[in-house]
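# Structure assessment
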Amino acid sequence: DVEAYSDDTVDCGTEYFYSVRAFRARDSAYSDYSSTASATTAACDPNLIENSDFAGGTSDWNTWGGVTPNVNAGVMELTATSEGSLFQDAGIPLSSGSSIEMVIDLGNSSANYKEVQLLLHNPDFSDVLSCQFDLPSGADLRTFTMRGVTNMAWSDLRVEVVPLTHDGLSAVLV
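This is a predicted model, so every value here is computed, not measured.

## Brief notes about the overall build of the protein chain
Along the protein chain, the regular secondary structure elements total zero helices and 12 strands. Rg of the C-alpha trace for the protein chain: 24 Å, well past the compact-globule value of 16 Å for 174 residues, more than 25% over. In terms of overall dimensions, the protein chain has C-alpha extents of about 80 × 35 × 25 Å along its principal axes. Here the contacts in the protein chain between residues at least 6 apart in sequence split such that 64% fall between residues at least 24 apart. For the protein chain, the computed accessible surface area is about 10,400 Å², with 48% contributed by carbon and sulfur atoms.

Now the structure itself:
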């Protein structure tokens, strides 16, 4: 006797239709199908980045070069003394012609002007989407949007935040 069914092969944001019928083993007889029932799965989460709110500190994020990360009240503070970046490999392969949108909050807690570059790219840098933003001194967090289309298939999506001002002063805010 089965009284419930769970389908774990469904896609997000999709409506599915189901009907059932009973089977009687003693004479191998099937009943008529039931009325059709439908269910819609929850919408897809458009955020492909792990720990995007930095609730887990710097987990899932990597740095290279002269960039020092610090999380303060859910905001990543990046101090750069030399070339480097904060990055994450999202584990998402993309086909050629894929549209990508990155929405990010950026600010500047220092008394000095800062520049930051955002990169979305294949890990081997064979295809790169890039955008640069200027952050005035003391700039509060505000939302920036970057959009692009891949020119080739990507084995993985890498998201990278590159402070271009290497003054050792705190901090580009993400």
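From this point, the narrative continues.
## A word on the pattern of salt bridges
This structure, assessed with the given rule, holds four salt bridges. Of the charged contacts in the structure, one is a salt bridge between D89 and R158, with a shortest N-O distance of 2.6 Å. Taken as a pair, D89 in strand 6 (residues 75–89) and R158 in strand 11 (residues 158–163) lie far apart in primary sequence, 69 residues in all. Residue D89 is classed as partly exposed on the basis of its relative accessible area of 32%. The salt bridge partner of K114 is D167, with a shortest N-O separation of 2.7 Å. In this pair, K114 is assigned in strand 8 (residues 114–121) and D167 in the loop between strand 11 and strand 12 (172–173), connecting sequence segments 53 residues apart. Since its relative accessible area comes to 28%, D167 is described here as partly exposed.

## Points about the nonpolar core
Counting residues in each nonpolar core, the largest one holds 28 residues, and the members touching the most others are L106, L120 and V174. Of all the secondary-structure elements, those providing two or more residues to this core are strand 6, strand 7 (99–108), strand 8, strand 9 (128–135), strand 10 (142–149) and strand 11. Those residues in contact with L106, other than ones at most four positions away along the chain, are V116, L118, F133, L135, D140, L141, R142, F144, L173 and V174.

## Things to note about the packing of aromatic side chains
Per the stated rule, a full pass over the model turns up three aromatic pairs. Seen in terms of ring centroids, F23 and Y30 are 4.8 Å apart; in terms of plane orientation they differ by 50 degrees. Their pairing is tilted. Looking at F23, the relative accessible area reads 45%, which means it is partly exposed. Aromatic pair F133 and F144: ring centres 4.5 Å apart, planes at 55 degrees, arrangement tilted. Of this pair, F133 sits in strand 9 while F144 sits in strand 10, placing them 11 residues apart in sequence. For F144, a relative accessible area of 8% translates into the label buried.

## Section: unusual backbone geometry
Even without a glycine there, the phi angle at F54 is positive, about 60 degrees. Inspection of the secondary structure puts F54 in the loop between strand 4 (37–40) and strand 5 (62–72). Even without glycine at this site, F125 takes up a positive phi of about 60 degrees.

## Some remarks on the environment of Y16
The residue Y16 is located in strand 1 (residues 15–18) in this model. Along the sequence, Y16 and A39 sit 23 residues apart, while their C-alpha atoms lie 5.4 Å from each other. Once residues within four sequence positions are removed from consideration, Y16 is found in contact with V10, D11, A37, S38, A39 and T41.

Calculation notes
As a convention, each chain's residues are numbered from 1 in the sequence order in which they are written. Reporting of local features is limited, given that this is a predicted model, to residues whose pLDDT is at least 70; pairs of side-chain atoms are given and counted only at 80 or more, and all residues count toward the totals for whole chains, interfaces and linings. The side-chain quantities take in all heavy atoms of the structure and omit both hydrogens and water. The numbering of helices and of strands both runs from the N terminus, where a helix is a DSSP run of H or I of at least 4 residues and a strand a run of E of at least 2. Throughout, radius of gyration means the C-alpha value; the globule benchmark is 2.2 Å times the number of residues raised to the power 0.38. We call two residues in contact when some of their heavy atoms are within 4.5 Å. Computed with the Shrake-Rupley method and a 1.4 Å probe, the accessible areas treat only the protein chains shown as cover for residues. By convention in these notes, a salt bridge is any Lys or Arg side-chain nitrogen within 4 Å of a carboxyl oxygen on Asp or Glu. Burial status follows relative accessibility: with a 1.4 Å probe on protein chains alone, a residue under 20% of its type maximum counts as buried, one over 50% as exposed, and anything between as partly exposed. Side-chain atoms within 4.5 Å link the members of a nonpolar core, which is a set of buried Ala, Val, Leu, Ile, Met, Phe, Trp, Tyr and Cys residues. Pairing of aromatic rings covers Phe, Tyr and Trp, the last counted by its six-membered ring, and requires centre-to-centre distances within 6.5 Å; plane angles under 30 degrees mean stacked, over 60 mean edge-to-face, and any other angle means tilted.

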